[in-house]
Amino acid sequence: MEIITLIKANIYRRKGSFTGIILLMVIISMSLTAILSVLDNYRSGLDTAYRQIDSGNLYVFLKNETVTEEVMDSLKTHPLIERVSKTDAIRSAEISAGGKTEQNPWFLLKYDKKYKVLNNTLSGYEKEPLSFLKSGEIYVTQGAMTRMECRIGDSITFTISDRKYAFVVKGIVAEPMFGSSMIGWKQVFINDEDFNRLSRDAAVADKKTVEGIGRCCVVQLYKSADCKLTDGKFKRRINLDTGIVDHSLGTLTRDMSVHYTSLFLNTVLTILMVFILFLFLVVLIVMAHSISTGIEMDYVNIGVLKSQGFTKNKVRAIWIFQYLLAQAIGAVAGIILAIPLCRALGNAFWPITGILADKGISVWKSFFLIFTILVVSAILILLLTRKIGKVSPVRAISGGRSEVYFDSRLKAPILQQFLSVSLAFRQFTSYKRKYIGMTAIVSILIFFMLTITVLGNVLDSKKALESMGALYAECSMEFLGKVDDAKLVEIEKVVEKYSPIEKKYYWSSLYYSINGEEYYCQVYQNPDVICVTKGRAPLYGNEIVITELIADEMGLEIGEKAVVTHGNSKKEFLVSGIFQSINDTGMTFAMSLEGAKVFGMDSVWFAGYSLGSPDKNKLIADKLNAAYGDILRATANADGGMLEDTYTIAINGMKAVIYIFSVLFALVVVMMVCTKTFIQEKRDIGIYKALGFTAVNLRLQFAIRFFLVALAGSLLGTVLSILFSGRLLSSLLRSMGITNFTVQFTAVSLVIPVALICVCFFLFAFFASGKVKRVEVRELVTE
Amino acid sequence: MKNVILSADGLCKSFAHNGGQVHILSNIDLELYEGDLTVIMGASGSGKSTLLYALSGMDRATAGKVIYKDEDIVAMGEKKLAKLRRGDFGFIFQQMYLVSNLSLYENIVVSGWLNKERRTSQVKIHANELMEQMGISHIRSHLPSQVSGGEQQRCAIARAVINSPKLLFADEPTGALNRKNTTEVLNLLTSLNQAGQSILMVTHDLKAALRATRLLYLEDGKIVGNLVLSAYHPDKERSREEQVNAWLSSMKW
């Protein structure tokens with residue numbers, strides 16, 4: 001009973017700290033619960049979606065003539081394959097809707113009931129019977145809609161062989177395999193009648209051209225129950241045994257589909273999760289400060305309690321319980337608040353994933369996480385409250401422990417011209433131990449604010465994007481046939497009439513296999529533009545460069561040899577370097593056009609120009625289309641064709657979350673520390689008032705002191721950011737293919753977060769020190 | 001005829017306690033004169049310190065007026081009071097109350113600079129002179145925690161007079177000192193007074209009371225006794241002690 005009475009009294013007396021810790025924990029618990037729940041919901045939504053369509057482990061797109069009886073038999077009898085399914089498809093080489101054109105192949109399939117149609121509100125699926133597709137109507141995935149920026153009712157035009165077919169979007173279907181906007185290839189669905197008509201047309205067209213591929217099929221391979229290989233290894237094994245991948249138009253494993261679909265969601269939520277976990281570190285620092293100053297301030301009370309027979313463990317138990325109680329209340333409140341937050345976030349990633357996810361919270365995971373947080377906190381509190389054991393009742397009762405101040409090496413003279421500033425600086429240097437924690441907190445906040453700013457800066461920096469291996473081209477071209485070098489020079493001259501060319505790319509891209517594993521291959525006519533991070537570009541015909549991700553996956557190093565295959569062609573290449581590319585999330589390699597000749601490639605298909613005058617891109621594209629419309633199709637790209645709106649929105653969203661949480665944390669931390677400091681320095685405030693300082697003077701001193709702390713923390717945070725932001729982002733964005741993040745700081749990007757935090761600290765401290773007004777000089781009276 | 005430096009008219013101070021009012025000062029009329037070392041004495045709880053702080057504007061009176069330079073201190077706002085403390089009034093406390101992270105020298109000059117009426121260099125020169133006078137110039141860069149109580153109190157006196165205040169308020173300035181330091185501090189206050197400094201001091205120490213040129217006796221929040229003395233001289237301390245003792249006895253001290 002006595003413990004409960006004391007806990008109640010302590011909480012009442014320290015309601016500021018108590019409330020502060022509750023608030024901080026609410027933010028942390030709410031955010032973590034929301035992040036975990038959204039991740040869980042998407043994962044389970046994705047699993048359900050794959051189950052609904054009975055997706056295979058490997059999708060292989062093949063020309064019809066490749067899928068012979070013999071091939072099918074070899075697949076069906078393969079020990080690692082449980083079953084094989086084959087679906088007819090029609091390949092469209094170009095898709096356009098509104099002003100947007102897509103060069104990735106889309107595959108038109110007959111609509112099957114297993115692909116559920118979403119209802120009008122996108123909150124669930126249409127109930128049986130499923131909507132009937134009329135002629136000229138099409139079902140697409142959400143990812144397709146996002147890529148084409150179209151809506152239900154819009155028209156999409158498909159170019160199949162040499163003919164164009166327009167379809168009206170009837171609805172959205174759940175097709176998880178290619179459904180994400182992160183995947184360029186798509187499966188879309190039309191009715192049987194349309195499919196048969198298109199198929200007949202394509203068959204006629206296919207006979208006319210060697211290159212044209214209209215009719216094709218999708219072969220789905222299902223792993224046998226005893227096959228323990230990952231989907232990637234399964235694909236490699238099957239390819240080595242049957243060569244089916246080498247002869248395919250393209251493949252996708254379910255693991256890679258999951259990877260692409262979850263990539264954006266995982267990256268955004270992982271960045272936020274790391275930030276929130278660091279915020280938990282901030283809470284621990286705040287709690288440590290609160291406990292250590294609390295013990296100092298309660299020195300006499302603790303002594304008195306001990307003199308009355310309280311054991312040190314009993315006193316410690318009171319302290320531990322009151323802090324854990326604050327954390328537990330905050331954690332539970334955070335979980336409750338996460339319920340509406342999860343509902344709001346439920347479909348935030350829908351445009352990218354195309355997966356309908358639940359909107360509930362992962363209760364047990366959240367509770368487990370909170371339990372872990374409480375255990376970590378309890379350990380910290382146990383360590384910090386050891387000091388209580390050292391409180392001597394006699395010393396406490398005989399006047400407590402008065403602090404002794406020592407000279408500081410940082411001591412600066414007090415100046416009349418800058419009296420408030422110099423006094424504030426003296427307070428800071430005299431009590432610097434007290435401010436170490438707060439400096440660390442500011443440095444953590446600034447580190448993350450700068451890190452997310454740096455990430456945002458990349459979007460605005462052509463150089464940064466280029467140095468990370470992005471093909472940044474304000475004007476791009478697709479060649480309609482073979483274009484020789486003389487023609488390319490001619491085209492360049494046209495471009496240079498309007499803008500200097502900073503960088504030019506001439507390339508093709510397709511899937512080749514390295515040592516049996518199929519990867520996206522970039523073939524450059526001018527390989528010197530490849531962004532090599534180690535070694536050198538593949539200047540000779542027997543060289544390739546690979547990304548760090550492929551190097552890790554395949555165990556390849558510079559100087560080693562690898563066999564590249566495509567169809568029936570095979571050639572040994574030397575790995576000449578490591579490069580960075582965000583194409584196919586970094587699972588890519590590159591070679592020169594000379595090297596690709598063995599696979600039948602004798603010219604490049606695309607070109608891109610990074611322009612000195614980017615605003616001239618539209619004009620240049622128009623001029624090129626006018627002059628060379630018969631051999632190429634030129635397009636002007638805003639932002640170099642790099643920036644999806646979704647990325648910008650996501651990065652700005654993360655920036656907003658990190659900035660808002662940082663300011664909130666700054667507010668709570670300043671309030672808590674300021675209140676404690678105020679109580680500790682009440683006597684000094686009285687003295688200053690007796691000397692004639694006004695309340696505004698003293699509040700300014702308070703605010704300046706906190707400003708100085710924020711400044712010191714900001715400097716530390718900036719240094720940490722310069723040293724580690726690149727590494728942190730490289731590791732967080734590795735799954736996107738960025739293994740060597742180029743950090744670019746600008747004066748503005750450094751100043752804005754630092755200024756924001758410093759000003760917030762100044763204002764919050766000024767606001768929190770309002771109590772100075774209530775300090776009466778009379779408190780110095782010794783009766 | 002001495003000039004009145006500060007006067008109180010119907011000064012009252014009461015506190016709310018258990019739903020009622022406790023009256024500490026009751027309707028006090030008082031005049032303090034220029035050049036006097038006025039000492040307020042009285043039994044514990046008689047309201048001595050409360051009177052000192054009410055007169056100095058450190059504490060707000062519940063009723064009545066405190067007139068200084070034709071202005072009522074009781075009605076003054078915080079800024080005006082702060083200005084008064086910066087220039088016209090100086091304070092010495094029983095517990096010294098030096099700012100613990102400023103050196104002795106800095107404790108003194110900060111007060112001087114706050115006043116802004118003198119140049120930085122003038123304040124520095126004056127501070128050095130005062131430290132010399134108080135015998136603490138050799139420990140000027142020490143922090144308060146590194147010096148004795150007597151040295152701290154001498155520093156506090158120097159700080160209180162750095163702005164040459166018109167009136168110096170001292171609340172039990174020797175209350176926390178040993179005998180040797182008490183004598184040193186009293187000697188300093190006496191010499192300041194004899195140099196023209198007006199001082200109002202609260203004490204219950206007879207040795208301190210002997211330095212007064214005027215003694216007031218406070219009982220239950222009212223001034224019940226007033227004794228005017230000649231200027232203090234150490235040679236005449238014995239006769240002065242007898243006179244004061246007799247007066248205090250008559251006050252039932």
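Since the structure is predicted, the reported quantities are computational estimates derived from the model, not experimental observations.

### Considering the overall build of chain A
The helix and strand tally for chain A stands at 23 helices and 21 strands. Seen through its C-alpha atoms, chain A measures out along the principal axes to roughly 110 × 60 × 50 Å. In chain A, the share of contacts with a sequence separation of at least 24, taken over all contacts with a separation of at least 6, comes to 81%. Carbon and sulfur atoms provide 59% of the accessible area of chain A, an area that totals close to 33300 Å². Charge separation in chain A, taken as the distance between the mean sites of 85 positive and 70 negative side-chain charges, equals 13 Å.

### Focus: the overall build of chain B
When helices and strands are counted, chain B shows eight helices and ten strands. In terms of C-alpha radius of gyration, chain B reaches 18 Å, essentially the compact-globule figure of 18 Å for 253 residues. Oriented by its inertia axes, the alpha-carbon framework of chain B measures out at about 45 × 45 × 40 Å. By the burial criterion, 58% of the 253 residues in chain B qualify as buried. Within chain B, contacts between residues at least 6 apart in sequence are counted, and of these 69% link residues at least 24 apart. Of the accessible surface of chain B, which amounts to about 10800 Å², a share of 47% is contributed by carbon and sulfur atoms. Computed over 29 positive and 26 negative side-chain charges, the separation of the two mean positions in chain B equals 4 Å.

### Side note on the pairing of strand β18 (residues 569-579) of chain A
Residues and elements named next belong to chain A. The pairing of strand β15 (residues 532-535) with β18 spans three bridges and is classified as antiparallel. Considered in β18, the bridge of Gly535 is made with Gly577. By the bridge criterion, six bridges tie strand β17 (residues 561-566) to β18 in an arrangement that is antiparallel. Paired with His566 across the bridge in β18 is Ser569.

### Some details on the nonpolar core
The biggest cluster of nonpolar side chains holds 272 residues, and the ones touching the most others in it are Leu108 and Phe158 of chain A together with Leu6, Leu11, Leu55 and Leu215 of chain B. Looking at this core element by element, the count peaks at 22 residues for helix α7 (residues 254-297) of chain A. When sequence neighbours within four positions are dropped, the list of residues in contact with Leu215 of chain B reads Val39, Met41, Ala209, Gly225, Asn226, Leu227, Leu229, Val244 and Trp247 of chain B. Grouped together as the second largest cluster of nonpolar side chains are 45 residues, Val494, Cys521, Phe573 and Ala607 of chain A included.

### Some points on the sheet that holds strand β1 (residues 4-17) of chain B
All names here are of chain B. Strands sit in the order β2-β1-β4-β5 across an open sheet of four strands; the sheet is antiparallel. Two strands in the sheet have a free side with no partner beyond their single neighbour: β2 (20-33) and β5 (71-72). The pairing of β1 with strand β4 (residues 63-68) spans five bridges and is classified as antiparallel. Looking across to β4, one finds that Leu6 is bridged to Tyr68.

### Regarding helix α6 (residues 179-194) of chain B
Counted at 1.5 Å a residue, the expected span for α6 of chain B with its 16 residues is 22 Å, and the 22 Å between its end C-alpha atoms agrees. Within the sequence span of α6 of chain B, burial applies to Asn181, Thr182, Val185, Leu186, Leu188, Leu189, Thr190, Leu192 and Asn193 of chain B.

### Let's talk about the pattern of salt bridges
Considering all chains together, one arrives at 33 salt bridges over all chains under this definition. Salt-bridge contacts for Arg633 of chain A lead to Glu94 of chain A; the nearest nitrogen and oxygen are separated by 2.5 Å. Taken together, the residues span a long stretch of sequence, with Arg633 of chain A in strand β21 (residues 632-636) and Glu94 of chain A in strand β3 (residues 94-97) at a distance of 539 residues. Between Lys207 of chain B and Glu237 of chain B there is a salt bridge; the shortest N-O distance is 3.5 Å. Of the two residues, Lys207 of chain B sits in helix α7 (residues 206-209) while Glu237 of chain B sits in helix α8 (residues 237-250), which places them 30 residues apart along the sequence. Among the residues examined, Glu237 of chain B registers a relative accessible area of 19% and is labelled buried.

Rules used throughout
- The numbers attached to residues start from 1 for each chain and follow its sequence in the written order.
- Each chain gets a letter, beginning with A, and each ligand a number, beginning with 1, in the order they are written.
- Where local features are concerned, this predicted model is filtered to residues with pLDDT of at least 70; where side-chain atom pairs are given and counted, the filter is 80 or more; whole-chain, interface and lining totals use all residues.
- Only hydrogens and water are set aside when side-chain values are computed; all heavy atoms of the structure are taken into account.
- Under the scheme used here, helices are H or I runs from DSSP no shorter than 4 residues and strands are E runs no shorter than 2 residues, and both carry numbers assigned from the N terminus.
- In what follows, residue pairs with any heavy atoms lying within 4.5 Å of each other are defined as contacts.
- In short, Shrake-Rupley with a 1.4 Å probe defines the accessible areas, and a residue's cover is counted only from the protein chains shown.
- Counted as positive: Lys and Arg. Counted as negative: Asp and Glu, with His and the chain ends omitted from the count.
- Note that the charge is assigned to NZ on lysines, CZ on arginines, CG on aspartates and CD on glutamates.
- Note that the radius of gyration is over C-alpha atoms, with the globule rule given as 2.2 Å times the number of residues to the power 0.38.
- When a residue's accessible area, from a 1.4 Å probe over protein chains only, is under 20% of the maximum for its type it is buried; when over 50% it is exposed; and in between it is partly exposed.
- The pairing criterion for strands is at least two bridges between them, as found by DSSP.
- Residues grouped as a nonpolar core are buried Ala, Val, Leu, Ile, Met, Phe, Trp, Tyr and Cys residues, joined through side-chain atoms within 4.5 Å.
- Given a helix with a known number of residues, its expected span is that number minus one, times 1.5 Å.
- Here a salt bridge means any side-chain nitrogen of Lys or Arg lying within 4 Å of a carboxyl oxygen belonging to Asp or Glu.

Interpretation in functional terms is not warranted from these geometric data alone.
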